[in-house]
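Spelled out from the first residue to the last, the chains are:
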Amino acid sequence: MSRVRFLAILGGLVCISTAVLFAWIFAGGGTNESEQLELGLRLVRRGDFETAATLARTVQEPKIKKRFDKSTRHFLLGASARQEADALYYRPSRTEKNEVAVEHLQQSREMKFPPGYEGQGNFLLGMALYDLFRWDEAIAPLSVAFDRWPKGRSDAVERLIDIDLYGAKRDPDAAWDRLERWAALSLQRQNDIDRISVKRMEILGERKEDDRIEPVWRAVPIDSPMRCNANLILARCLRQQARDSDPISAPSEKRERSLELLREIEFMKTVPTEIRRRTTFERGMIYRDSGALKQAVSAMSSLRLSSPFEPEFMIAGIEEIDALIDLKMYAETIATLEQLKKNFNNPTWYENVWMPLDRMRRRLLAAAIQLFETGVYAESSQFVENLPDL
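Residues numbered from 1 in each chain as written. Predicted model: local features only at pLDDT ≥ 70, side-chain atom pairs only at ≥ 80, totals over all residues. Heavy atoms only, no water.

What should I look at first to understand the overall build of the protein chain in this one?
Along the backbone of the protein chain there are 19 helices and zero strands. Taking the principal axes of its C-alpha atoms as reference, the protein chain extends roughly 80 × 50 × 45 Å. A total of 390 residues make up the protein chain; the buried ones form 48% of that total. Put simply, of all contacts in the protein chain between residues at least 6 apart along the chain, 60% involve residues at least 24 apart. As displayed, the protein chain offers around 19,900 Å² of accessible surface, 52% of which is attributable to carbon and sulfur atoms. (Helix = DSSP H or I, 4+ residues; strand = E, 2+ residues; numbered from the N terminus. Buried < 20%, exposed > 50% of the residue type's maximum accessible area, 1.4 Å probe, protein only. Contact = heavy atoms within 4.5 Å. Areas by Shrake-Rupley, 256 points an atom, 1.4 Å probe, with all protein chains shown as cover.)

For this particular structure, what's the right way to read the pattern of salt bridges?
Opposite charge on two side chains lets them pair, provided their charged atoms get close. This structure, assessed with the given rule, holds 37 salt bridges. Among the ionic pairs, Arg 73 bridges to Glu 61, the shortest N-O distance being 3.8 Å. Residue Arg 73 is found in helix H4 (residues 67-87), and its partner Glu 61 is found in the loop between helix H3 (49-57) and H4; the two are separated by 12 residues along the sequence. The buried category is assigned to Arg 73, whose relative accessible area is 12%. With its nearest N and O atoms 3.5 Å apart, the salt bridge here joins Glu 310 to Arg 277. With a gap of 33 residues between them, Glu 310 in the loop between helix H15 (293-306) and helix H16 (311-326) and Arg 277 in helix H14 (residues 273-289) connect regions that are remote in the sequence. Per residue, the accessibility class of Glu 310 equals that of Arg 277, and both read buried. Several salt bridges share partner residues, and in doing so they unite Asp 155, Glu 158, Arg 159, Arg 189, Asp 192 and Arg 195 into one network. (Salt bridge = Lys/Arg side-chain N within 4 Å of Asp/Glu carboxyl O.)

I keep staring at the packing of helix H10 (residues 190-206) against helix H12 (residues 227-245) and nothing clicks. Help me out?
For any two helices packed against each other, the geometry comes down to the angle between their axes and how far apart the axes lie. Closest axis-to-axis distance for the H10/H12 pair is 9 Å, and the angle between their directions is 15°. Classed by the angle they form, the pair H10 and H12 counts as roughly parallel. In this structure, H10 crosses over H12, and the sense of that crossing is left-handed. Taking contact as the criterion, the partners of Val 198, Met 201 and Glu 202 in H10 are, on H12, Asn 229, Ala 230, Ile 233, Leu 234 and Arg 236. Grouping the amino acids of the contact of H10 with H12 by side-chain chemistry returns five nonpolar, one polar and two charged. (Axes fitted to C-alpha atoms, helices over the stretch in contact; angles between N-to-C directions. Parallel < 35°, antiparallel > 145°, perpendicular 65-115°, else oblique. Left-handed = near helix turned anticlockwise from the far one by under 90°. Nonpolar A, V, L, I, M, F, W, Y, C, P; charged D, E, K, R; others polar.)

Looking at this structure, I do not really get the nonpolar core. What am I missing?
It is characteristic of soluble globular proteins that their nonpolar side chains tend to be buried jointly. Core analysis: the biggest nonpolar cluster contains 77 residues, and Phe 75, Leu 76, Ile 161, Met 201 and Ile 265 have the highest contact counts within it. If you look at the next biggest cluster of nonpolar residues, it comprises 28 residues, including Ile 318, Leu 364, Val 376 and Leu 390. (Core = buried A, V, L, I, M, F, W, Y, C linked by side-chain atoms within 4.5 Å.)

Got a minute to help me understand the state of the cysteines in this structure?
What is meant by a disulfide is a covalent connection between two cysteines, made through their sulfur atoms. Considering all chains together, one arrives at zero disulfides under this definition. For the unlinked cysteine Cys 237, the closest cysteine sulfur is that of Cys 228, found at 18 Å. (Disulfide = S-S within 2.5 Å.)

In this structure, what is going on with the packing of H4 against helix H6 (residues 118-131)? I would like to understand it.
Relative orientation of the contacting elements H4 and H6 amounts to 45°, with a least axis distance of 10 Å. With respect to their mutual orientation, H4 and H6 come out oblique. The hand of the H4/H6 crossing is left-handed. Here Phe 75, Ala 79, Arg 82 and Gln 83 of H4 lie close against H6, whose contacting residues are Gln 120, Gly 121, Leu 124, Met 127, Ala 128 and Asp 131. Counted by class, the contact of H4 with H6 contains five nonpolar, three polar and two charged residues.

Can you walk me through the side chain of Thr 95 in this structure?
Following the sequence through the fold, Thr 95 ends up in helix H5 (residues 91-110). Taking the relative accessible area as the measure of exposure, Thr 95 reaches 8% and is therefore buried.

Can you walk me through helix H17 (residues 330-343) in this structure?
In an α-helix, one full turn covers 3.6 residues, which means residues spaced three or four apart are oriented alike. In this model H17 runs 20 Å from its N-terminal to its C-terminal C-alpha over 14 residues, within 8% of the 20 Å that 1.5 Å per residue would give. What H17 keeps buried is the set Tyr 330, Thr 333, Ile 334, Thr 336, Leu 337 and Leu 340. All buried residues of H17 lie within an arc of 160° about the axis, which places them on one face of the element. Exposed residues pointing more than 90 degrees away from the buried face of H17 are listed as Ala 331 and Lys 342. The inward-facing, buried residues of H17 abut H15, H16, helix H18 (357-374) and helix H19 (377-385). (Expected span 1.5 Å × (residues − 1). Arc of directions from axis to C-beta.)

Hey, could you run me through the environment of Arg 239 in this one?
Examined against the element boundaries, Arg 239 turns out to sit in helix H12. Assessed through its relative accessible area of 6%, Arg 239 is described here as buried. Taking the C-alpha atoms as reference points, Arg 239 and Arg 153, separated by 86 residues in sequence, lie 32 Å from one another. Other than its neighbours up to four places away in sequence, Arg 239 contacts Ser 258, Glu 282, Met 285, Ile 286 and Asp 289.

Structure below.
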């Protein structure tokens, strides 16, 4: 018998035995609540979160007497919800699943995670809190995960660095210290090395050490999955340098280089959707900085219309509105704002690190004031009437 056929038969037997076991459990077989939940933990170790959660739901919480079993049930349900959230593209659905995950995982942590699952439990909880932008709460579980869950160490420290860079108390030096601790770990895979390089570029940008960014960019291999991230960060850095040093509408080598880096991303094979959206945004900002306002409007409009439930929807819309006002296209300005208001929903869907909600409010208010000061009073009144409820 060939090895492939043997493994196929073995896998089939495992599936059959699992199905038989579940049928026995659902029919009232001999396993008690503790044994069923222990089986759920074994399934988690195999990576089968969905089946583990299904098993946990068969155990009614009022019937559970042991604190340990209650914690295990919440862990299994929370872990499954977090895995589901991580696989979803649609942000409202991700938010809903992450909220379910946090509810269960916090209860499990309060009763102590099952032995041997503290690192994983804190990792799942911290990642869900991070995605919900409850960053102050995410710090503690992500820190535990960095120390006690090697499989999630890189993801955990990346999020902690983001919190240092973009949270309420911005601290690039603390981010740098975390990065160095991450980089000092032995047995780094190439992908981790590239992730560290990309984060290093990001921190250097926040520290205004622009001259050190490009050498780090060169260290990221062209065929690395992280090359698109590296290109995006360098392009943004060059755009910001050009804004500080080059006159608007004047030829700029930095802007041209930035556009070239963004074009390279467009031709890469595997680029995450989020990076593609940010690439479109950066291109629109370069057009605006260079005085090509109609091209900027086109780029921002395409991003706004393609991402109605993502942060880029509001961010691109605000930048588009500013460009339209500069073009004196007031009817289009009002139409864009009306579309923002019509599609705007839960504010938590639009949380992001680029433009926090309070800054969105300030930008929209500034646009309304600009319209009023320009003397287009009817349009400024319409603008105020259509402001989204941020």
